[in-house]
Amino acid sequence: MKKTNAMRILEAAGVPYSSVEYVWDEAHLDAVSAARKLNIDPDMLFKTIVMISEDNEVFVFCVPAPSEVSLKKVRNITGKKITPLKLESLQKTTGYVRGGCSPLGMKKHFPTFIDETAQLYERIYVSAGERGHMLCIAPADLQEICAAAFCDITEG
């Protein structure tokens, strides 16, 4: 597997991780499909959702594959009304494409929030920054390297 920016960032910081690959296709870019292909619990695979406020401030949220970001909860956390970033703006804003968006190594650092359920697991999976590649990392290490906060950010 070739190294992604996310992998290089982790290696430069001395953060332990492993990586896994899976076969993807355009019709199944969602995180639940990725978890099924990897034969892992979908609640352990965290998708990266990028959102934007009315004043164009970008925020990054990592939530379990089957979950959705609660707009009400993230509004309370950020103090801003936010909506999902339009798909056509994702690559220009982050450097990543849908299905391969990692919370690590974006074009610039954005405020990042990881759903608190990540702390229930010894290791979680997040995108390595390319479709078909995942990182397996300790939640606390991901939090530290992303300068993220653990919060309750999902629906339900």
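Up top is the structure these notes are about.
This one's a predicted model, so the numbers in the text were calculated from it and none came from an experiment. (Residues numbered from 1 in each chain as written. Predicted model: local features only at pLDDT ≥ 70, side-chain atom pairs only at ≥ 80, totals over all residues. Heavy atoms only, no water.)

Novice: Just to check I follow, could you spell out the nonpolar core for this structure?
Specialist: Inside soluble globular proteins, nonpolar side chains tend to come together where they are buried. Within the largest apolar cluster, 28 residues are counted, with the highest numbers of intra-cluster contacts made by Leu135 and Leu142. Of all the secondary-structure elements, those providing two or more residues to this core are α1 (5-13), β2 (45-53), β3 (58-64), β6 (124-127), β7 (133-137) and α5 (139-146). Setting aside its immediate chain neighbours within four residues, Leu142 contacts Pro103, Leu104, Ile114, Ile124, Val126 and Ile137. Tyr22, Ala34, Ala35 and Ile40 belong to the second largest nonpolar core, which has 12 residues in total. (Core = buried A, V, L, I, M, F, W, Y, C linked by side-chain atoms within 4.5 Å. Buried < 20%, exposed > 50% of the residue type's maximum accessible area, 1.4 Å probe, protein only. Helix = DSSP H or I, 4+ residues; strand = E, 2+ residues; numbered from the N terminus. Contact = heavy atoms within 4.5 Å.)

Novice: For this particular structure, what's the right way to read unusual backbone geometry?
Specialist: Within the chain, Asn39 stands out as a residue other than glycine whose phi angle is a positive 60 degrees. Counting through the fold element by element, Asn39 comes out in the loop between α2 (31-38) and β2. The backbone phi angle of Ala147 is positive, close to 50 degrees, even though this residue is not glycine. Relative to the assigned elements, Ala147 resides in the loop between α5 and β8 (149-151).

Novice: I keep staring at the pattern of salt bridges and nothing clicks. Help me out?
Specialist: When the charged atoms of two side chains lie near each other, side chains of opposite charge can form a pair. If you walk through the whole model with that rule in mind, you get 8 salt bridges. In this structure, Asp25 engages Lys37 in a salt bridge whose closest nitrogen and oxygen atoms are separated by 3.5 Å. With a gap of 12 residues between them, Asp25 in the loop between β1 (18-21) and α2 and Lys37 in helix α2 connect regions that are remote in the sequence. Judged by its relative accessible area of 37%, Lys37 is partly exposed. (Salt bridge = Lys/Arg side-chain N within 4 Å of Asp/Glu carboxyl O.)

Novice: What is the right way to look at the layout of surface pockets in this model?
Specialist: By rolling a water-sized probe across the atoms, one finds the places where empty space is left. Put simply, the largest pocket is a space of about 560 Å³. Lining the largest pocket are 29 residues, and of these Lys47, Thr48, Ile49, Arg98 and Gly99 sit closest to its centre. Every element with two or more residues in the lining of the largest pocket is listed here: α2, β2 and α4 (87-94). Ranked by residues supplied to the lining of the largest pocket, first place goes to β2 with 7 residues. Of the residues belonging to the lining of the largest pocket, the class tally is 19 nonpolar, 5 polar and 5 charged. (1 Å grid on protein atoms, 1.4 Å probe; cavity = no way out; pocket = protein on both sides within 12 Å on 5 of 7 lines; lining within 4 Å. Points joined across faces, edges and corners; volume = space filled by probe spheres on them. Nonpolar A, V, L, I, M, F, W, Y, C, P; charged D, E, K, R; others polar.)

Novice: Can you walk me through the pairing of strand β5 (residues 112-115) in this structure?
Specialist: Within a regular strand, the side chains alternate between the two sheet faces. Burial along β5 is two-sided: the residues Thr112 and Ile114 and Phe113 and Asp115 are all buried. Sheet analysis places β3 next to β5, joined by 3 bridges and oriented parallel. In the sheet register, Phe61 faces β5, and the bridge partner there is Phe113. Judged from the 3 bridges that link them, β5 and β8 form a sheet pairing that is parallel. Within β8, the residue paired with Phe113 across the bridge is Ala149. (Pairing = 2+ DSSP bridges.)

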